[in-house]
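Chain residues, written in single-letter form:
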Amino acid sequence: MATSRRTMPLAGAAAAALVLAGVAVFTVSNAGCASAGEFVQRGQGLELVGGCVDPADLPAAPSTPTVGTNPGSAVERFHQTSP
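Residues numbered from 1 in each chain as written. Predicted model: local features only at pLDDT ≥ 70, side-chain atom pairs only at ≥ 80, totals over all residues. Heavy atoms only, no water.

When helices and strands are tallied, the protein chain shows two helices and two strands. Reading the secondary structure of the protein chain in the N-to-C direction produces α-β-β-α. Taken over 83 residues, the protein chain has a buried fraction of 1%. Of the roughly 7500 Å² of accessible surface on the protein chain, 64% is carried by carbon and sulfur atoms. (Helix = DSSP H or I, 4+ residues; strand = E, 2+ residues; numbered from the N terminus. Buried < 20%, exposed > 50% of the residue type's maximum accessible area, 1.4 Å probe, protein only. Areas by Shrake-Rupley, 256 points an atom, 1.4 Å probe, with all protein chains shown as cover.)

The subject of this paragraph is the environment of Glu38. When you line up the elements, Glu38 lands in strand 1 (residues 38–42). Once the C-alpha coordinates of Glu38 and Gly50 are considered, the two residues, twelve residues apart in sequence, prove to be 6.6 Å apart. For Glu38, the residues in contact, after removing those within four places along its chain, are Glu47, Leu48 and Val49. (Contact = heavy atoms within 4.5 Å.)

Before going further, it helps to examine the pairing of strand 1. Burial analysis of strand 1 places just zero of its five residues in the buried class, a small minority of the element. The sheet contact formed by strand 1 and strand 2 (residues 45–49) spans five bridges and is antiparallel. Pairing of Arg42 across the sheet is with Gly45, part of strand 2. Connecting strand 1 to the next strand, strand 2, in antiparallel fashion are two residues, including Gly43 with a positive phi near 70°. (Pairing = 2+ DSSP bridges.)

Turning next to the confidence of the model for the protein chain. The share of residues in the protein chain with pLDDT of 70 or more is 72%, and the mean pLDDT across the chain is 77. Within the protein chain, no element has a lower average pLDDT than helix 2 (residues 73–79), which sits at 54, and none a higher one than helix 1 (residues 2–29), at 88. (pLDDT = per-residue confidence, 0-100.)

Inspection of the secondary structure puts Leu46 in strand 2. If near-sequence neighbours (up to four positions away) are discounted, Leu46 is found in contact with Phe39, Val40 and Gln41.

Here it is as structure tokens:
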């Protein structure tokens with residue numbers, strides 16, 4: 001009887017994992033995107049060509065740096081540390 005008490009949680013976890021895996025496969029297969037797109041190198045950067053991302057939905061890139069020109073200053077802004 002002690003063995004069945006130990007296997008029930010394992011069977012429940014395995015069943016939950018199987019259901020979640022099935023939901024993930026169903027979601028990906030019905031995502032509605034015919035082309036995943038590809039990254040193409042142009043100049044010094046990469047550009048996503050194709051895919052389901054609409055460029056109008058993305059925020060605009062900042063035209064000037066919002067923090068000082070020190071290379072580590074952006075990280076310092078998030079960590080709230082002083083130089």
